[in-house]
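Given next are the chains, with one letter for each unit.
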Amino acid sequence: MKIAKRVLSADAPAYKLSAPLKAQLVSVERLSSPDSPDDLLHMVFDTCGARLEYVEGQSLGVITPGLRPDGKPHKLRLYSIASGPDGEGGQAGRAALCLKRVVESQADGGEFRGVCSNYLCDLKPGDFAELTGPTGKAFALPEDDTKNIIMVATGTGVAPFRSFLQYMYAPDRTWRGQTRLYFGARTRKELMYMNEMNSDILDFEGRGDFRARAALSREETNADGSRRYVQHRMLDDGEELWELMRDGRALVYQCGLKGMDHGVDETMGRLTRERGQDWAALKEEWKLAGLWNVEVY
């Protein structure tokens, strides 16, 4: 039986490339420590009176101005909405995006700069951007608020889970299921919404049954000296996690860099083998029921 998930009302508008939403940037907050090499930003956009409705877990598309060297428009880039469906700060018509400025060194000594991420990160409050969407249905929360929710994130993949938590623990709502967040980053300075620059996610601890667990691959090691990733932190809690997930009791959501899902699969394979079950078959069953949800990029 497929799990029913939250959806938008039938008349909610969806903005397209041919008719995008013009939104104004109202604030920018740095999420990484001043001495961090990464530029991680929390950016809040206002729709200036236009109607924007979304559910937690959806994304907005960003139209980058200008043309590529071949004369074609830049590709649309999708970013998960980091604010709850009531709007950033409870203000309808405002939505937040979580950005990392992409700057990478290349083998030839050159530098690659992500076109859309750098365009966004260079915007100043008062500037306008053209957005499309919202898009995405699979990453919404279930209608049943007794379900346990397991969230696994790396990097900016934590954005939809900030949105989840804002919905689940809004002042007029209490999620009755248990919730866990496993968040992987290289260092504590890069734990977006969980460091000295911004503690939005940590502020939810103590509400309902929410707990956040971090894995820091450049600061922590496993017993054998290998780097510590989210799947290892999940394995630490293996017994508890299995109790939360078994018999379809939980929905699992993964969001982050491609490859993280392989590590999580290894952990789940170990947990199921220890209990005499076939992970490949169970995973397929959970996917079909909407219990196993993965967005990697």
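Our structure is the block above this text.
First, a word on scope: everything that follows refers to the structure included in this document.

Parameters at a glance
Residues numbered from 1 in each chain as written. Predicted model: local features only at pLDDT ≥ 70, side-chain atom pairs only at ≥ 80, totals over all residues. Heavy atoms only, no water. Disulfide = S-S within 2.5 Å. Buried < 20%, exposed > 50% of the residue type's maximum accessible area, 1.4 Å probe, protein only. Pairing = 2+ DSSP bridges. Helix = DSSP H or I, 4+ residues; strand = E, 2+ residues; numbered from the N terminus. Axes fitted to C-alpha atoms, helices over the stretch in contact; angles between N-to-C directions. Contact = heavy atoms within 4.5 Å. Phe/Tyr/Trp six-rings, centres within 6.5 Å; stacked < 30°, edge-to-face > 60°. Lys NZ or Arg CZ within 6 Å of the ring centre and 35° of its normal. Core = buried A, V, L, I, M, F, W, Y, C linked by side-chain atoms within 4.5 Å.

As a further point, take the state of the cysteines. A complete count under the given rule lists zero disulfides for this structure. Left without a disulfide partner, Cys121 is nearest to the cysteine sulfur of Cys116, which lies 9.2 Å away. A relative accessible area of 8% places Cys121 in the buried class. Note on Cys255: no disulfide assigned, nearest cysteine sulfur contributed by Cys98 at a separation of 10 Å. Residue class for Cys255 comes out buried when judged on its relative accessible area of 2%.

Before going further, it helps to examine the sheet that holds strand β10 (residues 178–185). The five strands lie next to each other as β11-β10-β9-β12-β13, forming an open sheet whose pairing is parallel. The open sheet is flanked by β11 (209–216) and β13 (292–296), the only strands paired with a single partner. The mean angle between the axes of side-by-side strands here comes to 10 degrees, regardless of whether they run parallel or antiparallel. Two strands pair when backbone bridges link them, and strand β9 (residues 148–154) and strand β12 (residues 250–256) are joined in this way by six bridges, in the parallel orientation. Across the sheet, Ile150 pairs through a bridge with Val252, a residue of β12. Each of β9, β10, β11 and β12 is contacted by helix α2 (residues 159–168), which is oriented at about 150 degrees to β9, the strand it contacts most.

Below, the discussion takes up the packing of aromatic side chains. The full count for this structure, using the stated rule, is nine aromatic pairs. Aromatic pair Phe139 and Tyr253: ring centres 5.3 Å apart, planes at 85 degrees, arrangement edge-to-face. Of this pair, Phe139 sits in the loop between β8 (128–135) and β9 while Tyr253 sits in strand β12, placing them 114 residues apart in sequence. Take Phe139 and Tyr253: they sit in the same class, and that class is buried. Aromatic pair Phe164 and Tyr253: ring centres 4.9 Å apart, planes at 85 degrees, arrangement edge-to-face. One end of the pair, Phe164, is in helix α2; the other, Tyr253, is in strand β12, with 89 residues separating them in the sequence. Comparing Phe164 with Tyr253 shows no difference in burial state: the two are buried. Within the aromatic cluster, the residues linked to one another by ring pairs are Phe139, Phe161, Phe164 and Tyr253. The ring of Tyr167 has Arg6 sitting right over it, with the charged end atom 3.9 Å from the ring centre. For the cation-ring pair, Lys22 lies above Phe128, with the distance from its terminal atom to the ring centre recorded as 5.1 Å.

Okay, the nonpolar core next. The biggest cluster of nonpolar side chains holds 59 residues, and the ones touching the most others in it are Met168 and Leu181. It is α2 that provides the largest number of residues to this core, a total of six residues. Those residues in contact with Leu181, other than ones at most four positions away along the chain, are Met151, Ala153, Val158, Phe161, Met194, Ile201, Phe210, Arg211, Ala212 and Arg213. Core analysis: the next-biggest nonpolar cluster, separate from the first, contains 23 residues, Leu21, Tyr79, Ala95 and Leu97 among them.

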